[in-house]
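The residues making up each chain are set out below.
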Amino acid sequence: MKRRAAASPRPPAKRSATSPASTVRTHSLLPIISLTVPPEVLILGTHPSRKSLAESLSEKEVRMRGGAGPQNYGHSQNIFWNVAGSACGFSRHAVSYEKQCEAFTARGCVLWDVVRSCLGKGSLDSDIDKSTMEANDIPGLLSQHPTIRRICIAKTAAAFLCHSNGHAAWLKTGEAAGRRWDFVLRTASPATAETASVLGKYCRRATGSEIEAAVQKERAAGDGALQRTVELVVLPSTSPANAAMSPDAKEKVWHRAAYGYERAPAAYRCVGCGAVGEHWFVDCDRNEEWRRQQMEKKTRGDLFVEEVDGDRWLYSKPKA
Ligand SMILES: [Zn+2]
């Protein structure tokens with residue numbers, strides 16, 4: 001499969017002699033996109049963390065993320081790729097980043113960031129100096145790839161989309177790149193409430209069949225159609241900093257709202273009971289007991305989940 005290089009197109013961030021040692025300008029990576037499989041879903045993060053840019057990775061981190069180079073969403077404890085893996089059929093630590101991207105894009109998914117470049121002191125979104133940020137050309141990417149009809153964005157990144165130059169006006173007017181964008185909010189989706197609270201004012205409400213009908217009509221008009229219906233979906237952040245929701249619960253919401261599964265994927269194996277393709281782990285009868293056992297092992301200091309199960313994440317910030 002042809003795919004654009006995942007490595008940074010620009011020189012790595014350098015510390016300037018005059019700037020404070022901890023503040024550097026960093027740049028986002030190229031979009032992860034297939035040049036052969038028509039993309040349907042664009043997933044947006046905010047901006048690569050220092051770990052995503054492969055700064056000071058430990059051996060364990062390299063093993064957990066499937067490689068030592070720069071990666072979009074490449075923090076080893078961010079479960080984005082673990083969840084993508086359980087949706088697209090791979091185990092993050094067991095295959096190279098290249099293979100992870102291949103399986104991900106084969107499902108029609110694209111991955112990019114809202115912020116193209118910025119000055120920042122650390123790895124959290126809150127470390128980004130908003131006055132220095134430049135935005136990636138998201139309308140341009142959508143315009144080039146008319147098959148993309150859904151934008152999924154973590155709640156933290158959505159705040160940047162609403163406030164960054166170039167995107168704020170696009171959301172408000174629905175106009176950019178010489179086209180008219182009709183942003184829609186799908187009713188009765190697991191992400192409806194979250195999306196409504198963050199991006200609701202930019203969207204009109206529509207049912208799944210209404211969205212489907214609008215898309216069909218535009219496709220019939222061909223690639224030159226000026227209007228594009230695009231669904232906006234806000235999802236819980238997969239970062240360990242978002243401890244308000246368990247990793248298991250995040251997994252189910254992402255599978256349903258981003259990857260379009262109505263039931264657990266056919267090849268999905270529940271770590272609680274081992275059932276395949278029957279239910280998500282968060283819904284398993286054994287979920288609570290399994291988590292309690294993991295907590296006990298973690299307390300004893302002998303837990304590293306990849307060793308226990310092979311494809312699950314470390315419970316770094318458990319809720320009591
Ligand atoms: Zn189960």
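See the structure printed just above.
Keep in mind the model is a prediction, meaning the values are calculated, not measured.

About the cut-offs
- Residues numbered from 1 in each chain as written.
- Predicted model: local features only at pLDDT ≥ 70, side-chain atom pairs only at ≥ 80, totals over all residues.
- Helix = DSSP H or I, 4+ residues; strand = E, 2+ residues; numbered from the N terminus.
- Buried ≥ 20, exposed ≤ 12 C-beta atoms within 10 Å, placed from the backbone.
- Contact = placed C-beta atoms within 7 Å.
- Pairing = 2+ DSSP bridges.
- Axes fitted to C-alpha atoms, helices over the stretch in contact; angles between N-to-C directions.
- Expected span 1.5 Å × (residues − 1).
- Core = buried A, V, L, I, M, F, W, Y, C linked by C-beta atoms within 7 Å.

Student: Just checking my understanding: could you explain the overall build of the protein for this structure?
Tutor: Of the regular secondary structure elements, the protein holds eleven helices and ten strands. Expressed as a percentage of its 320 residues, the buried residues of the protein come to 40%. If you take every contact in the protein between residues at least 6 apart in sequence, the share linking residues at least 24 apart comes to 64%.

Student: Sorry, what's going on with the sheet that holds strand 1 (residues 24-27) here?
Tutor: Pairing is antiparallel across the open sheet formed by three strands, whose spatial order is 1-4-5. A strand with exactly one partner marks an edge of an open sheet, and here the two such strands are strand 1 and strand 5 (128-135). Shown here is a sheet whose adjacent strand axes are inclined to one another by a mean of 20°, direction ignored. As judged from the four bridges shared by strand 4 (residues 115-120) and strand 5, these two strands associate in the antiparallel manner.

Student: Help me out: how do you make sense of unusual backbone geometry in this one?
Tutor: When glycine is set aside, most residues are seen to have a negative phi, and most peptide bonds are trans. At Tyr-73, a position not held by glycine, the phi torsion is positive, near 55°. Mapped onto the elements of the fold, Tyr-73 is located in the loop between helix 1 (59-65) and helix 2 (80-88). Assessed through the 24 C-beta atoms surrounding it within 10 Å, Tyr-73 is described here as buried.

Student: Just checking my understanding: could you explain the environment of His-167 for this structure?
Tutor: As for its placement among the helices and strands, His-167 is situated in helix 6 (residues 167-173). With 20 C-beta atoms counted inside 10 Å, the residue His-167 sits in the buried group. Along the backbone, His-167 and Val-114 are 53 residues apart, and their C-alpha atoms lie at a distance of 8.9 Å. Once residues lying within four places of it in the same chain are set aside, the contact partners of His-167 are Ala-135, Ile-138 and Leu-161.

Student: I'm lost on helix 8 (residues 208-220) in this one. Help?
Tutor: The α-helix advances 3.6 residues per turn, and as a result positions three or four apart in sequence lie on the same side. Taking 1.5 Å per residue, 13 residues should reach 18 Å; helix 8 reaches 18 Å between its end C-alpha atoms and fits that length. In the segment just after helix 8, Gly-222 is the residue with positive phi, at about 90°.

Student: Can you walk me through the nonpolar core in this structure?
Tutor: Nonpolar side chains in soluble globular proteins tend to be buried together. Formed by 51 residues in total, the largest nonpolar core has its most connected members in Ile-43, Val-110, Cys-152, Ile-153, Val-233, Leu-235 and Ala-258. Examining the composition of this core, we find that five residues originate from one element, helix 2, more than from any other. Residues contacting Ile-153, with those up to four places away along its chain left out, are Leu-44, Ala-158, Leu-161 and Val-234. Counting residues in each nonpolar core, the second largest holds seven residues, with Ala-264, Tyr-268, Cys-270 and Trp-280 among its members.

Student: I'm lost on the pairing of strand 10 (residues 227-235) in this one. Help?
Tutor: The side chains of a regular strand alternate, first on one face of the sheet and then on the other. Of all nine residues in strand 10, seven are buried; the element is thus mostly enclosed. By the bridge criterion, five bridges tie strand 6 (residues 150-154) to strand 10 in an arrangement that is parallel. Across the sheet, residue Ile-151 finds its bridge partner in strand 10, namely Leu-232. Bridge count between strand 8 (residues 179-186) and strand 10: five bridges; the pairing is parallel.

Nothing here speaks to function; it is all geometry.
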